[in-house]
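The chain contents come next:
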Amino acid sequence: MNNKKKETVKEIFASCSFTSLGLHSTLCDQLRERLGFEAPTLVQAEAIPVILAGRHVLVNAATGTGKTVAYLAPIIHHLQSYTPRIDRSYGTFALVLVPTRELCLQVFEILHKLLHRFHWIVPGYVMGGENRSKEKARLRKGISILVATPGRLLDHLKNTTAFLHTNLRWIIFDEADRILELGFGKEIEEILDILGSRNDGFVGKEKEDSNFKRQNLLLSATLNEKVNNLARISLEEPVMIGLDDKKVQQDASHEQSGSLGSVVDKELEHPSAVMSSSSGDYNLPAQLVQKYVKVPCGSRLVVLLSILKHLFEREASQKVVVFFSTCDAVDFHYSLLSKFQWSPYAQQDAETKQLFLRCKTFRLHGNMKQEDRRTTFGAIKTEKLALLLSTDVAARGLDFPKVKCIIQYDSPGEATEYVHRVGRTARLGERGDSLLFLQPIEVDYLQDLEKHGVLLTEYPLLKVLDGFPLYGHVPRVKKFVSTESHPWVLTLQKALESFVSAEPKMKKLAQNAFCSWVRAYTAHRGELKRMFMVKKLHLGHVAKSFALKEQPSLVGKSFQSQSKKRKRDQKQKGQQKKRKVSGKT
Ligand SMILES: Nc1ncnc2c1ncn2[C@@H]1O[C@H](COP(=O)(O)OP(=O)(O)OP(=O)(O)O)[C@@H](O)[C@H]1O
């Protein structure tokens, strides 16, 4: 092992054993034999004893540091020791709440492995998109540790009378901030009320009935004001792990009143208030190499494809994840990459043409059928060479092994999302790269990231572009050629545009993707609106980035009417201001 690797291991793993943390020996065997975990990570070593002791805990640790086992292991430890032995008829003892369906399945899978030798403890999950009646039947039989997404859980709490949860002892919020950001604040409050686990004077019937002292846990790599509020109403004298507790107390005291729902509403009215509270450094994996690439809008697509080609040709086996802002953008790029054949030679005959990227391409987004989402999720885990195109549905918590590079083709918006997206690589001490695409008009975003201690260096784009052979040889490029006039970029752009215009289906996908992309761009809120300004966009260049020769007219009209409306509003505001000023004098 080289020195650097040894250092990383020291930063990730604790120098103790799982047994020394107080976990039952059979569980430690399971961790070793089933999951291959020899020693606990630092966060596990810190959190497990505290959770075993029954304390409420708020854990804030970098992505990929093993938070899942940090909460699952102590729960299993306690449940396996109950005498008489628990069985299904006791209902649910622990509830794990997660923001997405994929994360729900992932936590369930780990749970399933850990429970291999504890067959009397039954794992289960309920989540949106699944068959309700089948879930009801499973709940009726009894699930000891239940993993759930909030909406579907609330549905069962209200409508599945056979769902027994009077023995509930643990509630865990994994990726707590994301659950709230997705707008589940009201659901969470209702869930806490129904389960009698709310800590602000409300004592639900269930808490009175329960034989067990409740223990709630909150975990995420990033925390924000809403989590402070959730912590305030759901945790009793919590232990903070990986966290500056002065900051939490300060922030919590700002929010003494109000519900989770009201915080969500407040954010919409005053986004900057939430932004300012989330300043401060994020925990990013030390071994992650973070870069940005500055690309003029019209060349974005060519540059993305070129960088992917470069990555996959350089290393035969690797996984890359590209994040997009919308489902339509994922669909368009997925179809394009699955079909686009091209050879950079003069004669474009069928024989010399080949698929532009020779790797398996997958897509993942919230508009896909549940079955397809599940298949993709499974396949990405097992494939050695794969490209995943995804929306933020894959940004949180998902643990795809051996992801080498994360490309953020569309900006993540909030810095927290940046942290979680890049967190899909460089997990548990592994090496990893990330690349953020920015247009020249968006580079102020780098300063926003810097405020959170996130520092990026520039990607050597021209060097990569210069390395591609055109017409059989590497072109001699003038030294200071710009990206958009680079011969490789011009040639590939032309080929992409011809391909898309020749295929009506592709053209439709491109037009839809263009429309949603512009809509998503206008949806940036608060401070981010200043860095991602719609009025600075050149829509003709945006169209080029979807390989469209012309800007789709429909969107042009609606966009123009939107910008006319904006101008009208600004004018009206200006007049109001003037009126106020003249009223003063
Ligand atoms: N003690 C350990 N030894 C070896 N591998 C481990 C250990 N604990 C966890 N892992 C592995 O580390 C990876 C990251 O774990 P996990 O997904 O729990 O991280 P996380 O902190 O929850 O990340 P995120 O914040 O992205 O959700 C997983 O592949 C997991 O199997």
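What counts as what
- Residues numbered from 1 in each chain as written.
- Predicted model: local features only at pLDDT ≥ 70, side-chain atom pairs only at ≥ 80, totals over all residues.
- Heavy atoms only, no water.
- Salt bridge = Lys/Arg side-chain N within 4 Å of Asp/Glu carboxyl O.
- Helix = DSSP H or I, 4+ residues; strand = E, 2+ residues; numbered from the N terminus.
- Buried < 20%, exposed > 50% of the residue type's maximum accessible area, 1.4 Å probe, protein only.
- Pairing = 2+ DSSP bridges.
- Near = heavy atom within 4 Å.
- Polar contact = N/O pair within 3.5 Å; in protein donor to acceptor, adjacent residues only side chain to side chain.
- Areas by Shrake-Rupley, 256 points an atom, 1.4 Å probe, with all protein chains shown as cover.
- Axes fitted to C-alpha atoms, helices over the stretch in contact; angles between N-to-C directions.
- Parallel < 35°, antiparallel > 145°, perpendicular 65-115°, else oblique.
- Left-handed = near helix turned anticlockwise from the far one by under 90°.
- Contact = heavy atoms within 4.5 Å.
- Nonpolar A, V, L, I, M, F, W, Y, C, P; charged D, E, K, R; others polar.

Next up on the list: the pattern of salt bridges. The full count for this structure, using the stated rule, is 25 salt bridges. A salt bridge links Lys309 to Glu313; its shortest N-O distance comes to 3.2 Å. A residue pair is termed a helical-turn pair when its members lie 3 or 4 positions apart in one helix, as Lys309 and Glu313 do in helix α14 (residues 300–314) at 4 residues. Taking relative accessible area as the criterion, Lys309 reaches 14% and is therefore assigned buried. Exposure remark for Glu313: the relative accessible area of 52% places this residue in the exposed category. In this structure, Arg530 and Glu527 form a salt bridge, with 3.6 Å as the shortest nitrogen-oxygen distance. Judged by its relative accessible area of 44%, Arg530 falls in the partly exposed class. Shared partners join several salt bridges into a network, and the residues in it are Glu175, Asp177, Arg178, Glu181, Arg396 and Glu417.

Below, the discussion takes up the pairing of strand β1 (residues 57–60). Burial along β1 is two-sided: the residues Val57 and Val59 and Leu58 and Asn60 are all buried. Direction of pairing for β1 relative to strand β7 (residues 239–241): parallel, over a ladder of 3 bridges. Residue pairing in the sheet places Val57 in a bridge with Val239 of β7.

Below, the discussion takes up the site of the ligand. Lining the immediate environment of the ligand, one finds 20 residues, of which Ala39, Gly64, Lys67, Thr68 and Asp399 sit closest. With respect to the ligand, the side chain of Arg424 contributes an N or O atom lying 2.9 Å from an oxygen atom. Taking Arg427, its side chain carries an N or O atom lying 2.8 Å from an oxygen atom of the ligand. In isolation the ligand has 640 Å² of accessible area, and contact with the protein removes 87% of it.

One open sheet accounts for 7 strands, arranged β3-β4-β2-β5-β6-β1-β7; its pairing is parallel. The outermost strands of the open sheet, each flanked by one partner alone, are β3 (123–126) and β7. Each strand axis lies, on average, 15 degrees off the axis of its neighbour in the sheet, ignoring direction. When strand β2 (residues 94–97) meets strand β5 (residues 170–174), the two strands line up parallel, connected through 4 bridges. Within the sheet, the bridge partner assigned to Val96 lies in β5 and is Ile172.

Now for the packing of helix α7 (residues 150–159) against helix α8 (residues 176–194). α8 packs onto α7 with a crossing angle of 20 degrees between their chain directions and a minimal axis gap of 9 Å. Judged by the inter-axis angle, α7 sits roughly parallel to α8. The two elements α7 and α8 meet at a crossing, and its hand is left-handed. Contact residues: Pro150, Gly151, Leu153, Leu154, Leu157 and Lys158 in α7; Ile179, Phe184, Glu187, Ile188, Glu190, Ile191 and Ile194 in α8. Among the residues forming the contact of α7 with α8, the class breakdown is 9 nonpolar, 1 polar and 3 charged.

Quick look at the sheet that holds strand β11 (residues 386–390) now. A sheet is described by the order of its strands in space; here 7 strands give the open sequence β10-β11-β9-β12-β13-β8-β14, paired in parallel fashion. Strands at the two margins of the open sheet, each flanked by one partner only, are β10 (360–364) and β14 (457–458). Judged from the 5 bridges that link them, strand β9 (residues 319–323) and β11 form a sheet pairing that is parallel. The partner of Phe323 across the bridge, within β11, is Ser390. Relative to the sheet, helix α15 (residues 327–339) contacts β10 and β11, its axis offset from that of β10 by approximately 165 degrees. Contacting β9, β10 and β11, helix α16 (residues 370–382) runs over the sheet at an angle of about 135 degrees to β10.

Of note, the bond from Thr83 into Pro84 is cis; its omega dihedral lies within 30 degrees of zero at -5 degrees. As for its position among the elements, Pro84 is in the loop between α4 (67–81) and β2. The backbone phi angle of Glu175 is positive, close to 55 degrees, even though this residue is not glycine. Take Glu175: it is sitting in the loop between β5 and α8. Residue Glu175 is classed as buried on the basis of its relative accessible area, which comes to 6%.

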